[in-house]
Amino acid sequence: MSYTDDSLALHTDLYQINMAETYWEDNVHKRRAVFDLYFRKLPFDNGIGVFAGLEKIIDFIHHFRFSKSDLIYLKEELGYADDFIDYLKTVRFTGNIKSVREGEIVFGNEPILRVEAPLAEAQLIETALLNIVNYQTLIATKACRIRQTVGEQQLMEFGTRRAHEMDAAIWGTRAAFIGGFDSTSNVRAGKLFGIPVSGTHAHSMIQAYRDEYTAFKKYAQRHKNCVFLVDTYDTLKSGVPNAIKVAKELGNQINFTGVRLDSGDMAYLSKEARKMLDDAGFHETKIVASNDLDEETILSLQAQGAKIDAWGVGTKLITAFDQPALGAVYKLVSIENEHGEMVDTIKISGNPEKVTTPSMKKLYRIVNTINNRAEGDYITLENEYPNEEEKLKMFHPIHTYISKFVTNFNAINLHHDIFMDGKLVYETPDLYEMQAYTKDQLDLFWDEYKRTIHPEEYAVDLSQKTWDNKMENIKEVRKMVSGMQR
Ligand SMILES: Nc1ncnc2c1ncn2[C@@H]1O[C@H](COP(=O)(O)OP(=O)(O)OP(=O)(O)O)[C@@H](O)[C@H]1O
Ligand SMILES: O=P(O)(O)OC[C@H]1O[C@H](OP(=O)(O)OP(=O)(O)O)[C@H](O)[C@@H]1O
Ligand SMILES: O=C(O)c1cccnc1
């Protein structure tokens, strides 16, 4: 079924609409509410995360409204009452959103994004925000892991065919670019986002011409920059020799850029192929590898001394194969009461990691001004200004005895104003700027946090006031619960 006025407002869980209806019926739907968006644990056991998804969130919020066909569906198929439908017809996002920028290095349990809005509005956008951040941040982080592994070598994103449908391919490759990939094979992503597109050719082209020599030659006659896929029949006996033969015959008419290995033992094959290319005088011709690659296999190939110069990575990147979900959540931390005052709210859990941190908060990165390295991230209440303090006490938010004092620091506010009173006030940087920003920011962190295996845990701490406030909230809830016991 297709609708000419389809909107994304219904891209939500039914329960959000039911909660909005409850608030509206009770006339509390306009009360100010503050929600934090964060994930608890970094994916892939990585030591750092890379935030992505803000541009899509901006577009979603900017166009947020229930269309005519949305409202007809809600009324006629789901049975919502006319007066509630009349209210939904008027709903726009009128609140504030603060967020870290795309490409920012992020960690568990810190408010990456903060929504402050009328309760019903804040609730109605939850699902879409989580949907966007959970996927894009996961892929940007995976891409960054792969980038950390290959150093400066070329990384090509090849995942579209294996992505979880078209939207994931497009937004996933954009996230991969932010995380450090150089190019994508997805031509539409090139058009939409300006990501460089690159690619070779498939086995089917060799099979179509039956023999490699003819296929390479025909391809080369039309394409000046040639990367020949050499593993269709036999990499060393047929593929590489045919590629060299065609390159010699065509001489300056083509740039013999590379050969691609897509099966077999790529450590062995790349070393042998390198020798053959060098012996033929093609020292500049690169060896490209693809075939179910990820950072682990790449690391192993490097350890084996593989002579690979460029990497095509698809399935395991675009599907976040080893951890398919990030687990970001959206939690209410403060709400307006009947007297118009903001009151903090908390969600208690038997698991201390899952207890929320109440109140409207800010997120700072504490950077040591002597060595220009990040000491940790620091979450404060809204009215705290850590830069005014001479000495900052940073302590673990659960194991509080783990603490340190930091002097000579700069506290950088990581939150940017994105929407204010429903108005977009943020200018989205160019995608290349985002990628460069991620690369630059990585330099703030010691290598110990960035290694892909068993990294050190980076500190994400609460200010004393934030911690005291949390304890106060826990105490109040305990009192309330015990008062209810008979
Ligand atoms: N020397 C190597 N060390 C570690 N892993 C390797 C090495 N060479 C290849 N691999 C990886 O091993 C896996 C081999 O997968 P698989 O057995 O499906 O491929 P294949 O049989 O070589 O090729 P095909 O795609 O034709 O089935 C791939 O993930 C590949 O990246
Ligand atoms: O392995 P990935 O990281 O996903 O990289 C993309 C793969 O897509 C192509 O293979 P294709 O889909 O034609 O088939 P194959 O899996 O049999 O190689 C290409 O030859 C790569 O192997
Ligand atoms: O261009 C390539 O070589 C390519 C593109 C997509 C998937 N596999 C390979």
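Here, the structure is the one placed above.
Structure report, in brief. Here the structure is a predicted model, which means the values were calculated and not measured. (Residues numbered from 1 in each chain as written. Chains lettered and ligands numbered in written order. Predicted model: local features only at pLDDT ≥ 70, side-chain atom pairs only at ≥ 80, totals over all residues. Heavy atoms only, no water.)

### Observations regarding the sheet that holds strand β13 (residues 342–344)
Two modes of strand pairing occur in sheets, parallel and antiparallel, and in both the strands are linked by backbone hydrogen bonds.
Alright, step 1. The antiparallel open sheet is built from seven strands, whose spatial order is β13-β12-β1-β5-β3-β19-β20. Looking at the sheet topology across the chains shown, the edges are occupied by β13 and β20 (423–424).
Alright, step 2. Where helix α2 (residues 54–62) meets the sheet, it contacts β3 (96–99), β5 (113–118), β19 (416–420) and β20, and its direction lies at approximately 15 degrees from that of β19.
Alright, step 3. Against the sheet, helix α6 (residues 126–150) engages β1 (32–38), β5 and β12 (329–336), with an angle of about 140 degrees to β12. (Pairing = 2+ DSSP bridges. Helix = DSSP H or I, 4+ residues; strand = E, 2+ residues; numbered from the N terminus. Contact = heavy atoms within 4.5 Å. Axes fitted to C-alpha atoms, helices over the stretch in contact; angles between N-to-C directions.)

### So, the pairing of strand β11 (residues 310–313)
Alright, step 1. Every second residue of β11 is oriented toward a common face, with A310 and G312 on one face and W311 and V313 on the other, all of them buried.
Alright, step 2. Both strand β6 (residues 154–157) and β11 contribute to a ladder of four bridges, which runs parallel. When the sheet's bridge partners are listed, Q154 is paired in β11 with A310.
Alright, step 3. Judged from the three bridges that link them, strand β10 (residues 286–290) and β11 form a sheet pairing that is parallel. Bridge pairing links V288 to A310 in β11.
Alright, step 4. Viewed along the sheet, the connection from β10 through helix α13 (residues 295–303) into β11 turns out right-handed. (Buried < 20%, exposed > 50% of the residue type's maximum accessible area, 1.4 Å probe, protein only. Right-handed = clockwise from strand over helix to strand, strands pointing away.)

### Some remarks on the site of ligand 3
Alright, step 1. Neighbouring ligand 3 are the residues F158, R161, S185, G199, T200 and R260.
Alright, step 2. Here an oxygen atom of ligand 3 and a side-chain polar atom of T200 are 2.4 Å apart.
Alright, step 3. Between ligand 3 and R260, the relevant distance is 3.3 Å, taken from an oxygen atom to a side-chain nitrogen or oxygen of the residue.
Alright, step 4. Contact with the protein chains removes 81% of the 260 Å² of surface that ligand 3 exposes when unbound.
Alright, step 5. A class-by-class count of the residues in the shell around ligand 3 yields one nonpolar, three polar and two charged. (Near = heavy atom within 4 Å. Polar contact = N/O pair within 3.5 Å; in protein donor to acceptor, adjacent residues only side chain to side chain. Areas by Shrake-Rupley, 256 points an atom, 1.4 Å probe, with all protein chains shown as cover. Nonpolar A, V, L, I, M, F, W, Y, C, P; charged D, E, K, R; others polar.)

### Looking at the packing of helix α7 (residues 166–179) against helix α15 (residues 431–442)
Alright, step 1. Put simply, α7 and α15 touch, their axes get as near as 7 Å, and they point 45 degrees apart. Considering the angle they form, α7 stands oblique to α15. Of the residues in α15, those in contact with R174, F177 and I178 of α7 are L431, Y432, M434, Q435 and T438.
Alright, step 2. Counted by class, the contact of α7 with α15 contains five nonpolar, two polar and one charged residues. (Parallel < 35°, antiparallel > 145°, perpendicular 65-115°, else oblique.)

### Remarks on the nonpolar core
Alright, step 1. The biggest cluster of nonpolar side chains holds 132 residues, and the ones touching the most others in it are V115, L129, F228 and W311.
Alright, step 2. Contacts of W311, omitting those with residues within four sequence positions, involve V150, Q153, Q154, L155, M156, A289, L293, I298 and L301.
Alright, step 3. Core analysis: the next-biggest nonpolar cluster, separate from the first, contains eight residues, Y378, M394, F409 and A411 among them. (Core = buried A, V, L, I, M, F, W, Y, C linked by side-chain atoms within 4.5 Å.)

### Quick notes on the side chain of E157
Alright, step 1. With respect to the helices and strands, E157 occurs in strand β6.
Alright, step 2. With sequence-adjacent residues up to four places away left out, E157 is seen in contact with T173, A176, F181, S183, T184, S185, V313, L317 and I318.

### Comments concerning the environment of L155
Alright, step 1. Note that L155 resides in strand β6.
Alright, step 2. Look at L155 and you get buried, because its relative accessible area is 0%.
Alright, step 3. Each C-alpha atom, one on L155 and one on I178, is 12 Å from the other, the two residues being 23 residues apart in sequence.
Alright, step 4. Aside from chain neighbours lying at most four places away, what touches L155 is I146, R147, V150, G180, F181, D182, S183, W311 and V313.

### Some thoughts on the site of ligand 1
Alright, step 1. In the vicinity of ligand 1, the contacting residues are S263, G264, D265, M266, A267, N291, D292, L293, T297, S300, L301 and Q304.
Alright, step 2. The backbone of G264 places a nitrogen or oxygen atom 2.6 Å from an oxygen atom of ligand 1.
Alright, step 3. Separating an oxygen atom of ligand 1 from a backbone N or O atom of D292 is a distance of 3.4 Å.
Alright, step 4. Burial of ligand 1 by the surrounding chains reaches 54%, relative to a free accessible area of 630 Å².
Alright, step 5. Contributions of two or more residues to the shell around ligand 1 are made by α12 (266–279) and α13.
Alright, step 6. For the shell around ligand 1, the element with the highest residue contribution is α13, accounting for three residues.
Alright, step 7. Here the residues of the shell around ligand 1 are counted per class, giving four nonpolar, six polar and two charged.

### Considerations on the pattern of salt bridges
Alright, step 1. Following the criterion strictly, the structure yields 24 salt bridges and no others.
Alright, step 2. With its nearest N and O atoms 3.1 Å apart, the salt bridge here joins E104 to R365. With E104 in the loop between β3 and β4 (105–106) and R365 in strand β14 (residues 361–368), this residue pair connects regions lying 261 residues apart in the sequence. No difference in accessibility class separates E104 from R365, as the two residues are buried.
Alright, step 3. Among the salt bridges present, the one from K450 reaches D447, with a minimum N-O distance of 3.7 Å. Of this pair, K450 and D447 both sit in helix α16 (residues 447–450), separated by three residues, roughly a single helical turn.
Alright, step 4. Residues participating in the shared-partner salt-bridge network are K142, R145, E295 and D322. (Salt bridge = Lys/Arg side-chain N within 4 Å of Asp/Glu carboxyl O.)

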